[in-house]
Every structure is written in structure tokens, then in C-alpha cells.
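# Analysis of the macromolecular model
Listed below are the residues making up each chain.
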Amino acid sequence: MPNRYNRRPMPVETLYIRSRSAERVKRVQAFQHMFAALLLIVNGWDHLGHGGVLAYFEVAAGALLIATAIRERVRKTHSRVGWLEIAGAVMMFVEAFAQLHVRHHKIYYVLIFVQPLVLLFFGIFEIQINRRRYLKIDDEGLEMRTRPFWKSRVPLTGVRMFRFEKNLLVLGERKLKLKDIINREEADGWLRKQLTARGIEEQG
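Note that the structure is a prediction, hence the values are computed from the model and not measured.

This next bit is on the pairing of strand 6 (residues 168-171). Bridge count for strand 5 (residues 161-165) against strand 6 is four bridges, and the pairing is antiparallel. When the sheet's bridge partners are listed, Phe-164 is paired in strand 6 with Leu-169. A loop of two residues connects strand 5 with strand 6, the two strands running antiparallel in sequence. Pairing of strand 6 with strand 7 (residues 174-177), which is carried by four bridges, proceeds in the antiparallel orientation. Looking at strand 7, one finds that Val-170 is bridged to Lys-175. If you look at the hairpin formed by strand 6 and strand 7, you'll find two residues sitting between the two strands, and Gly-172 has a positive phi there, around 65°.

All right, on to helix 6 (residues 184-197) then. With 14 residues, helix 6 should cover 20 Å at 1.5 Å per step; its first-to-last C-alpha distance of 20 Å lies within 8% of that length. Listing the buried residues of helix 6 in full gives Arg-184, Ala-187, Asp-188, Trp-190, Leu-191, Gln-194 and Leu-195. For helix 6, the angular spread of buried residues about the axis comes to 165°, placing them on one side. Opposite the packed face of helix 6, turned more than 90 degrees from it, sit the exposed residues Glu-185 and Lys-193. Structurally, helix 6 contributes buried residues whose contacts are with strand 1 (13-16), strand 2 (134-137), strand 3 (141-147), strand 5 and strand 6. Gly-199 occupies a position one or two residues after helix 6 and carries a positive phi of about 80°.

Within a sheet, neighbouring strands are paired by backbone hydrogen bonds and run either parallel or antiparallel to one another. With antiparallel pairing, the four strands of this open sheet are ordered in space as 1-2-3-4. On the outer flanks of this sheet lie strand 1 and strand 4 (150-155), each paired with one strand and no other. The sheet shows a mean angle of 15° between the axes of neighbouring strands, direction not considered. Along the sheet, helix 6 makes contact with strand 1, strand 2 and strand 3, crossing strand 2 at roughly 5°.

To continue, consider the packing of helix 1 (residues 20-47) against helix 3 (residues 83-98). One way to put it is that helix 1 packs onto helix 3 with a least axis distance of 11 Å and a crossing angle of 40°. Accordingly, the angle class assigned to the pair helix 1 and helix 3 is oblique. Taken as a pair, helix 1 and helix 3 cross one another with a handedness that is left-handed. In this structure, helix 1 contributes Lys-26, Ala-30, His-33, Ala-36, Ala-37 and Leu-40 to the contact, and helix 3 contributes Leu-84, Glu-85, Met-91, Met-92 and Glu-95. Across the contact of helix 1 with helix 3, the residue classes tally to seven nonpolar, one polar and three charged.

Now for a positive patch on the surface. Taken together, the side chains of Arg-20, Arg-24, Arg-27, Arg-73, Lys-166, Lys-177 and Lys-179 make up a positively charged region of the molecular surface. In terms of residues, the positive patch owes the most to one element, helix 1, which gives three residues.

With that settled, the discussion passes to the nonpolar core. One finds Leu-135, Leu-142, Leu-169, Leu-171, Leu-191 and Leu-195 to be the most contacted residues of the largest nonpolar core, which totals 21 residues. Contributions of two or more residues to this core are made by strand 2, strand 3, strand 5, strand 6 and helix 6. Top contributing element to this core by residue count: helix 6, with four residues. For Leu-142, the contacting residues outside a window of four places in its chain are Lys-136, Ile-137, Ser-152, Arg-153, Val-154, Leu-156, Leu-169, Leu-171, Leu-176, Trp-190 and Leu-191. Core analysis: the second largest hydrophobic core is formed by 16 residues, Ala-37, Leu-40, Ala-61 and Met-92 among them.

Procedures and definitions
Residues numbered from 1 in each chain as written. Predicted model: local features only at pLDDT ≥ 70, side-chain atom pairs only at ≥ 80, totals over all residues. Heavy atoms only, no water. Pairing = 2+ DSSP bridges. Helix = DSSP H or I, 4+ residues; strand = E, 2+ residues; numbered from the N terminus. Expected span 1.5 Å × (residues − 1). Buried < 20%, exposed > 50% of the residue type's maximum accessible area, 1.4 Å probe, protein only. Arc of directions from axis to C-beta. Contact = heavy atoms within 4.5 Å. Axes fitted to C-alpha atoms, helices over the stretch in contact; angles between N-to-C directions. Parallel < 35°, antiparallel > 145°, perpendicular 65-115°, else oblique. Left-handed = near helix turned anticlockwise from the far one by under 90°. Nonpolar A, V, L, I, M, F, W, Y, C, P; charged D, E, K, R; others polar. Patch = residues over 30% accessible without salt bridge, like charges linked within 9 Å, V, L, I, M, F, W, Y side chains within 5 Å. Areas by Shrake-Rupley, 256 points an atom, 1.4 Å probe, with all protein chains shown as cover. Salt bridge = Lys/Arg side-chain N within 4 Å of Asp/Glu carboxyl O. Lys, Arg positive; Asp, Glu negative; His and termini not counted. Charge placed at Lys NZ, Arg CZ, Asp CG, Glu CD. Core = buried A, V, L, I, M, F, W, Y, C linked by side-chain atoms within 4.5 Å.

Put into C-alpha cells, the structure is as follows:
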């Protein structure tokens, strides 16, 4: 077993993880988008022929979102961009344009375009957002980020032993919750390798 106090500093190592809470939010959003898409298709279909070009855009946008959702469900792969979010943003832009003929305060017209712009941003930068969910370790501590704007860090100074409990990694007197990690088997193996390499022994 390497002595952590008599070795060269080790490089920072990172493992990207998948979050249960993030996947759950995406499923809920997908359901909401699908429901909205069906309503948009029905509304556009009723106006075909006398609703102008917008009616055709409504039907097309709703159909695009449903087709994208089915594709994502069947393929079950992770693209560099979030196609479902992008399709949802397209649908919401069409809905926003449909509201322009209704008389409202100017701020209303600004706000109805904010949500699709935000959704489009999340879709385009899907891979960058996913890379903000990770386990990262250096000689000083172990850091976990399961949400883009929240992280937890456990110092490794003075820690000599670690062990895995059901949904926890116990490091001395500190505990790190692992329940939200989908790829747990990969994460547990990575953590075991990184900690033992730094001279921290696993308890049986």
C-alpha cells in the first residue's frame, strides 16, 4: 500500500457522472412538452386553410417535438446537444409568435420568448452542462457535483480509511452521498482506485 506522505503529488482525476435527479427532471419536461405538442397540433389542425402560415408551423413544430421524443426514447443515447430541448424550444417559439397578435403589455412579449431561449440554451450546451456533474479528486480532497450549480467537497487530509455503505462513501468522520449517481458501479470502482492510490485503505 503506498504511503500517501512519502510519494509524489498525484494529478487531479475526474469522472463524469449521470444524475438521477437530472434524468427525472428531463422525463417530466419531456412529458410536459409532449402534452403541449399534442395541443399545438390540434390547435393548428383546426386552423389549417384559414389560419395562415402559422397554423402549418404549429402542426409541424408539434410533430417535430413528438418525433424527437420518440427518437430519444428509442435510441437511449446521449448526443452532444439536447435535441428534445431544441425541439421543445422551436415549439415554444411558434407558440410565442402565435401570441403576438393578442394585445398585451410590452413586457409580456419579452417574457414569452425568455423561456424558449433558455430551453434552447440548455439544448445547445447539453454536453457542457453534463460535464458539470462529476467526481473530482486531488491530494487535498474529493469533490462531487451532481447539479450544475451545487457541489460538495470532503477534505482528505488526515483520512486513513474509507468504506462504502448502502448509498454513502464514508471517509473518516465525513460522509458523501452517492444515491443520486446512476453509474454507481463505475463510480465505486473509480473511487476505490483513486483513494487506494493515494494511500487511503478500504475497510472490510
